[in-house]
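# Coordinate inspection notes
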Amino acid sequence: MGDLTSLISLFVAAFGAATILPFQSEVVFVAVQAAGTVPIWMMIAVSSFGNILGSVLNYFLGTFFERYRGRRWFPVSDSQIERARKWWRKYGVWTLLLSWAPLGDAFTVIAGIMRTPVWLFLLLVTIAKTGRFIILAWLTAQVV
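Everything quoted here is computed from the prediction, not taken from an experiment.

### Overview of the overall build of the protein chain
Within the protein chain, the secondary structure is distributed over six helices and zero strands. Mapped from its N terminus to its C terminus, the protein chain presents α and β elements in the order α-α-α-α-α-α. Oriented by its inertia axes, the alpha-carbon framework of the protein chain measures out at about 55 × 25 × 20 Å. When each of the 144 residues of the protein chain is scored for burial, the buried share is 40%. Sequence-distant contacts in the protein chain: of pairs separated by 6 or more residues, those separated by 24 or more amount to 72%. For the protein chain, the computed accessible surface area is about 8,400 Å², with 73% contributed by carbon and sulfur atoms. Charge centroids of the protein chain, computed over 12 positive and 6 negative side chains, lie 11 Å from each other.

Printed below as a string of structure tokens:
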């Protein structure tokens, strides 16, 4: 696998893994690292960027939730949404640090629903996603 093909594969796998699609970016990451054709820092950067962009897509999908608010069939009242929003701002936003975990993508959608400030969303998701790939690279280096 050439360097460019490896990087494109990493980006696509990382992007897909951050969405609700059933992708596993770790397998691709480990395979590329084991091949040794791409510098680790570049693998981490491309994987993190793809994973963060996938989370941004989730965030913006979450913002469309508000579009249906107030409709008769909508299952949540305005007071429930406001109560949830206050809780999210105080405690829930920190769950974005778990956005790297298997069910963590749901937190990125919820962040959009709750209108988390984009700067805070990006900061926490970047820490989580980049940290994940740094740890994965280190663990893989211990084995390979």
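### Comments concerning helix α1 (residues 3–18)
Taking 1.5 Å per residue, 16 residues should reach 22 Å; α1 reaches 23 Å between its end C-alpha atoms and fits that length. Listed in full, the buried residues belonging to α1 are S6, L7, L10, A13, A14, G16, A17 and A18. The inward-facing, buried residues of α1 abut α2 (25–35), α3 (40–63), α5 (105–113) and α6 (118–143).

### Topic: a nonpolar patch on the surface
A surface patch of nonpolar side chains, amounting to about 470 Å² of accessible area, comprises L4, I8, V12, L21 and F23. One can find V12 in helix α1. Residue class for V12 comes out partly exposed when judged on its relative accessible area of 46%.

### With respect to the nonpolar core
Ranked by internal contacts, the top residues of the largest apolar core, which has 13 residues, are W88, V93, L96, A111, F121, L124 and V125. Elements represented by at least two residues in this core include exactly α3, α5 and α6. Discounting residues that sit within four places of it in the chain, A111 has contacts with Y59, W88, L96, T116 and F121. In terms of nonpolar packing, the next biggest core, distinct from the first, is built from 11 residues, F29, V38, I44 and L136 among them.

### Regarding the side chain of R132
Mapped onto the fold, R132 is located in helix α6. With sequence-adjacent residues up to four places away left out, R132 is seen in contact with S25, E26, N51 and W100.

### Comments concerning the packing of α3 against α6
Helix packing geometry: the angle between the two helix axes and the distance between the axes. Close contact between α3 and α6 brings their axes to 9 Å; oriented N to C, the two are set at 140°. Here α3 is positioned oblique relative to α6, judged by the angle of their axes. For the pair α3 and α6, the crossing hand works out as right-handed. Residues I40, I44, S47, S48, N51, I52, S55, V56 and Y59 of α3 form the contact with α6, whose own contacting residues are V118, F121, L122, V125, T126, K129, T130, R132, F133, I134 and A137. Grouping the amino acids of the contact of α3 with α6 by side-chain chemistry returns 12 nonpolar, six polar and two charged.

### Quick notes on helix α4 (residues 78–90)
For α4, built from 13 residues, the straight-helix expectation of 18 Å at 1.5 Å per residue is met to within 8% by its first-to-last C-alpha distance of 19 Å. Residues of α4 that are buried in the fold lie against α5.

Reading guide: rules and limits
Residues numbered from 1 in each chain as written. Predicted model: local features only at pLDDT ≥ 70, side-chain atom pairs only at ≥ 80, totals over all residues. Heavy atoms only, no water. Helix = DSSP H or I, 4+ residues; strand = E, 2+ residues; numbered from the N terminus. Buried < 20%, exposed > 50% of the residue type's maximum accessible area, 1.4 Å probe, protein only. Contact = heavy atoms within 4.5 Å. Areas by Shrake-Rupley, 256 points an atom, 1.4 Å probe, with all protein chains shown as cover. Lys, Arg positive; Asp, Glu negative; His and termini not counted. Charge placed at Lys NZ, Arg CZ, Asp CG, Glu CD. Expected span 1.5 Å × (residues − 1). Patch = residues over 30% accessible without salt bridge, like charges linked within 9 Å, V, L, I, M, F, W, Y side chains within 5 Å. Salt bridge = Lys/Arg side-chain N within 4 Å of Asp/Glu carboxyl O. Core = buried A, V, L, I, M, F, W, Y, C linked by side-chain atoms within 4.5 Å. Axes fitted to C-alpha atoms, helices over the stretch in contact; angles between N-to-C directions. Parallel < 35°, antiparallel > 145°, perpendicular 65-115°, else oblique. Left-handed = near helix turned anticlockwise from the far one by under 90°. Nonpolar A, V, L, I, M, F, W, Y, C, P; charged D, E, K, R; others polar.

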